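Commentary on secondary and tertiary structure
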Amino acid sequence: MKRLIIPLLLAIALSMNAAPGMPVIKGERFPDTQGDHINAHGGGIMEKDGTYYWYGEHRGDGTPGSGQKGVVCYTSSDLHAWTPRGVVLAVTDTKGDPLEAGCIIERPKVVFCPATAKYVMWFHHELKGVGYGSAHSAVAVADNPLGPFRMLRTGRVNPGVMPVNLPSESVSKQWSDTLEWWTPQWRKAVDEGMFTVRDLDRGQMARDMGIFVDSDGKAYHIYSSESNLTLQIAELDSTFTRHTGKYVRLFPGGHNEAPAMFKHDGVYWMITSGCTGWEPNEARLMRADNILGPWKQLPNPCRGAEAEKTFCGQSTFVMRVGDSYTFMADIWNPKNLADSRHLWLPVKFDSDGVPFIDSPDSYRIASIE
């Protein structure tokens, strides 16, 4: 009985301090309706017919070093109490299968496609045994939001296609193999497309990622590319399962990952992080009037204590409920990834309409004995 009462009390306590719809989560243990800490990381939330579906990385069984089982889902009717629904995209024991146990699955995002009535999942995918060398994006589909999802394919993005905001003559440029990283000459080469052209035949690398469906129904894939140096935004077709070949590069050499995009009053916003492994760093804020750019970088959107390291979290998703937005992030625990904590904080807007996020210290969470 106690096991069931605790999550209920927590949900009540959270609702006392929540922005409309979403609770405020400050890195405390976040139990599901069975009393277990929610093991869904790097993911996002989709709403369909009044039910919220939270998809995320399964990060082992809580034992340090234990392997992923795949992508899990939790459901809720109020965004406070979450019921575990199990694995919706599972790894397999089949040797050589792209989803063979030991592969890496990160940043799963699911959207509903009206054109096909399918649920479409994209995720960053690394094949077993290659570390982060594959830099693939994988796509899977299901008839039901609870799956099972069936993987369609995995691979690099837009092979043989140049981005629309890089001159076609870049293909014929030659860059020295001995350029020292982070020098002015190297930065100039990155800006000119050195890594884009390097990966042109095989396709663009894609690691940390998000999916954004615009108000006109078009969907876009946002991902960290070019050895995590440059963001790219690629348009998806009407099925949301393929790229159209239209894509742009953002902030070459900026070293951005963990993109979380949202739209407010016709303006596109994106929160990202730097690249420091499992260690937190300062968030970045970008804005654009057109999703394909040009984009402008603004100062860190976080305010207050530990703003310089995003309150120890890393962005994964911005959830909109009505006219309210919530910044969702992971507080990673590399020694036990399943126990990584969740950070959900309201996104506010200043007098100029620029989003910002206050420190968790500014929100009171009712204590539970």
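Residues numbered from 1 in each chain as written. Predicted model: local features only at pLDDT ≥ 70, side-chain atom pairs only at ≥ 80, totals over all residues. Heavy atoms only, no water.

As for the confidence of the model for the protein chain
Summarising the model, the protein chain shows a mean pLDDT of 92, and 93% of its residues fall at 70 or more. Low pLDDT, under 50, characterises residues 1-20; the predicted model gives this stretch 37 contacts beyond four residues in sequence or across chains. (pLDDT = per-residue confidence, 0-100. Contact = heavy atoms within 4.5 Å.)

Concerning the nonpolar core
As a rule of thumb, nonpolar side chains are buried together in soluble globular proteins. Counting residues in each nonpolar core, the largest one holds 22 residues, and the members touching the most others are Phe262, Ile271, Phe311, Leu345 and Ile357. Elements represented by at least two residues in this core include exactly strand S14 (257-264), strand S15 (267-273), strand S20 (324-331) and strand S21 (341-349). Here the element with the most residues in this core is S20; it accounts for 4 residues. With residues up to four places along the chain from it excluded, the contact list for Leu345 reads Val24, Ile25, Phe311, Tyr325, Thr326, Phe327, Ile357, Asp358, Pro360 and Tyr363. (Core = buried A, V, L, I, M, F, W, Y, C linked by side-chain atoms within 4.5 Å. Buried < 20%, exposed > 50% of the residue type's maximum accessible area, 1.4 Å probe, protein only. Helix = DSSP H or I, 4+ residues; strand = E, 2+ residues; numbered from the N terminus.)

Some details on the packing of aromatic side chains
Applying the stated rule across the entire model yields 18 aromatic pairs. Ring geometry for Phe30 against Trp344: centres 5.5 Å apart, planes inclined by 90 degrees, an arrangement best described as edge-to-face. Placement of the pair is Phe30 in the loop between strand S1 (25-26) and strand S2 (41-48) and Trp344 in strand S21, with a sequence separation of 314 residues. Owing to a relative accessible area of 1%, Trp344 belongs among the buried residues under this scheme. Ring geometry for Tyr55 versus Phe149: centroids 6.2 Å apart, planes at 90 degrees, classification edge-to-face. Here Tyr55, found in strand S3 (residues 51-57), pairs with Phe149, found in the loop between strand S8 (136-142) and strand S9 (150-155); they are 94 residues apart in sequence, far enough to count as distant. The two residues Tyr55 and Phe149 agree in class, both being buried. (Phe/Tyr/Trp six-rings, centres within 6.5 Å; stacked < 30°, edge-to-face > 60°.)

Details of the pattern of salt bridges
The full count for this structure, using the stated rule, is 19 salt bridges. Asp214 is paired through a salt bridge with Lys263; the nearest N and O atoms lie 2.9 Å apart. Placement of Asp214 in the loop between strand S10 (209-213) and strand S11 (219-225) and of Lys263 in strand S14 is noted, with a sequence separation of 49 residues between them. Taking the relative accessible area as the measure of exposure, Asp214 reaches 7% and is therefore buried. Between Asp289 and Arg287 there is a salt bridge; the shortest N-O distance is 2.7 Å. It is possible to trace a salt-bridge network through shared partners that takes in Glu57, Arg59 and Glu106. (Salt bridge = Lys/Arg side-chain N within 4 Å of Asp/Glu carboxyl O.)

What about the sheet that holds S10?
Pairing within the open sheet is antiparallel, and its 4 strands lie in the order S10-S11-S12-S13. Each edge of the open sheet is held by one strand with a lone partner, namely S10 and strand S13 (243-250). Taken pair by pair, the neighbouring strands of this sheet meet at an average axis angle of 25 degrees, ignoring direction. Strand direction decides the pairing type here: strand S12 (residues 230-236) and S13, joined by 5 bridges, are antiparallel. Within the sheet, the bridge partner assigned to Leu231 lies in S13 and is Leu250. (Pairing = 2+ DSSP bridges. Axes fitted to C-alpha atoms, helices over the stretch in contact; angles between N-to-C directions.)

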